[in-house]
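Structural overview
Residues per chain are reported as follows:
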Amino acid sequence: MDKNRKVIRKNPIPEAFRGKVYLDPTYDPAFKEFFGSEAALKDFLDGVLDLEGDDKIKTLRFRFEEPVEFRLPERKKVVFDIFATTGTGRFLNVEMQRLEHDFFIDRTILYKAFLLIKGKKEMENSPEFKALPADLQRRRRYQLPETVSIWICDFDLPHAEGEYLDEWALYSRISLKGGSARPLSEKNKYIFLSIPNFTKSADEVKGAVDVWLYLLNHARDGGELPDFGSGVVEEALERIRVDNAADELLSVQEKAMAHEEDYEIMLAGAKIRAQEEGHAQGHAQGLAEGLAEGRAQGRAEMAEFLRSKGVSESIIAEALAAK
């Protein structure tokens, strides 16, 4: 992409993006632009899967916002941020998760179950599988493809103790007890990446995983970013450069940010009310001072929480004044 190309605009750049070099790729619209080429996604996946040399992904097909639906017996549906298939029959989904919630681990397991079933169906519908003799197809009726579920998280990872990369698999309790644990199957893998836990400077970046995490972490800072000598990275950055973004992309990105801001305000309000209600119980027992202190503490905590999420001071003031 040409850095110097002129974008014809019908509308001025929205206030939210003025003074910014890049769009924040942790939001869905810019995320799709950022990883919107086969080369970029392959480079990211090769790094995450630790593939080198001849083991690197040769061909890759991918789709954004891939809906997956089954009857179990009721209809269940999930939407993968990215669904990808490699030429060697590996199935992957990549999720960008900005907010942590109580059932995050449950959600990752559910998405993996859907990925596994979808991969199984697509494997059995492939020309290669259908070309097998009928008896061999029957013998392979329980064969599973390799599936990898990758979660890019804008929060600390469960059980990761501050590390920015973790991997989950299925293990035997006996092997764990014996200290020689190996996954029961190499076909079933979860990989988790934490953006805020990645604290390396640009000079400390080593390898593809570091590169992409560094960019995801710092694109929202406002300034120029290094391309680390990679044409693939340079092109990815140009796709999310504010000056290159079409009006439609800026519009949907702004809406995505506003929608999440509204959600965070509602979440903050719920936490403030919970704080106040808890101290109100104390007040009922004669702890009036504790109530007032709790309200002040709760509001201060929520203001700090919203600031950490990038919510503007004017919105924070409105949210707190309404409670």
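Residues numbered from 1 in each chain as written. Predicted model: local features only at pLDDT ≥ 70, side-chain atom pairs only at ≥ 80, totals over all residues. Heavy atoms only, no water.

A few words now on the sheet that holds strand β6 (residues 188-194). With mixed pairing, 6 strands are arranged side by side in an open sheet as β1-β2-β3-β4-β6-β5. In the strand order of this sheet, the two ends are held by β1 (60-71) and β5 (165-168), each with one partner. Each neighbouring strand pair of the sheet contributes to a mean axis angle of 25°, computed without reference to strand direction. Against the sheet, helix α3 (residues 104-124) engages β1, β2 (75-86), β3 (91-97), β4 (147-153), β5 and β6, with an angle of about 65° to β2. (Pairing = 2+ DSSP bridges. Helix = DSSP H or I, 4+ residues; strand = E, 2+ residues; numbered from the N terminus. Axes fitted to C-alpha atoms, helices over the stretch in contact; angles between N-to-C directions. Contact = heavy atoms within 4.5 Å.)

With that settled, consider a negative patch on the surface. Taken together, the side chains of Asp50, Glu52, Asp54 and Asp55 present a region of like negative charge at the surface. Tracing the sequence through the fold places aspartate 55 in the loop between α2 (38-48) and β1. For aspartate 55, a relative accessible area of 56% puts it in the exposed group. (Patch = residues over 30% accessible without salt bridge, like charges linked within 9 Å, V, L, I, M, F, W, Y side chains within 5 Å. Areas by Shrake-Rupley, 256 points an atom, 1.4 Å probe, with all protein chains shown as cover. Salt bridge = Lys/Arg side-chain N within 4 Å of Asp/Glu carboxyl O. Lys, Arg positive; Asp, Glu negative; His and termini not counted. Charge placed at Lys NZ, Arg CZ, Asp CG, Glu CD. Buried < 20%, exposed > 50% of the residue type's maximum accessible area, 1.4 Å probe, protein only.)

Right, let's talk about helix α8 (residues 231-239) for a bit. Where α8 is concerned, the buried positions are Val233, Ala236, Leu237, Glu238 and Arg239. Taking the backbone nitrogen of valine 232 as reference, a side-chain oxygen 3.3 Å away marks serine 230 as the first, capping residue of α8. (Polar contact = N/O pair within 3.5 Å; in protein donor to acceptor, adjacent residues only side chain to side chain.)

This part takes up the packing of aromatic side chains. Counting across every chain of the model gives 19 aromatic pairs. Between phenylalanine 83 and phenylalanine 91 the ring centres are 6.3 Å apart and the planes differ by 20°, which places this aromatic pair in the stacked class. The pair phenylalanine 83 / phenylalanine 91 is uniform in exposure class, with both members buried. Counting every residue linked through ring pairs, the aromatic cluster contains Phe80, Phe83, Phe91, Phe104, Tyr111, Trp151, Phe155, Trp168, Tyr190 and Phe192. The aromatic ring of tyrosine 27 is capped on one face by arginine 98, whose charged end is 3.9 Å from the ring centroid. Positioned over the ring face of phenylalanine 83 is lysine 118, at 4.9 Å from the centre of the ring. (Phe/Tyr/Trp six-rings, centres within 6.5 Å; stacked < 30°, edge-to-face > 60°. Lys NZ or Arg CZ within 6 Å of the ring centre and 35° of its normal.)

As a further point, take the pairing of β4. By the criterion of burial, β4 is predominantly enclosed, with 7 of the 7 residues buried. Neither face of β4 is exposed, since Thr147, Ser149, Trp151 and Cys153 on one face and Val148, Ile150 and Ile152 on the opposite face are all buried. Here β3 runs beside β4; their pairing, made up of 7 bridges, is parallel. Its bridge partner lying in β4, valine 94 is registered against isoleucine 150. One ladder, built from 7 bridges, connects β4 with β6; its direction is parallel. Bridge assignment links isoleucine 152 to a residue of β6, and that residue is leucine 193.

Moving on, we come to the packing of helix α7 (residues 207-218) against α8. Where α7 contacts α8, the two axes come as close as 12 Å, and the packing angle between them is 20°. Here α8 runs roughly parallel to α7, going by the angle between their axes. α8 is crossed by α7, and the crossing has right-handed handedness. Across the interface between the two elements, Val211, Trp212 and Leu215 from α7 touch Val232, Val233, Ala236 and Leu237 from α8. Per-class residue counts for the contact of α7 with α8 are 7 nonpolar, no polar and no charged. (Parallel < 35°, antiparallel > 145°, perpendicular 65-115°, else oblique. Left-handed = near helix turned anticlockwise from the far one by under 90°. Nonpolar A, V, L, I, M, F, W, Y, C, P; charged D, E, K, R; others polar.)

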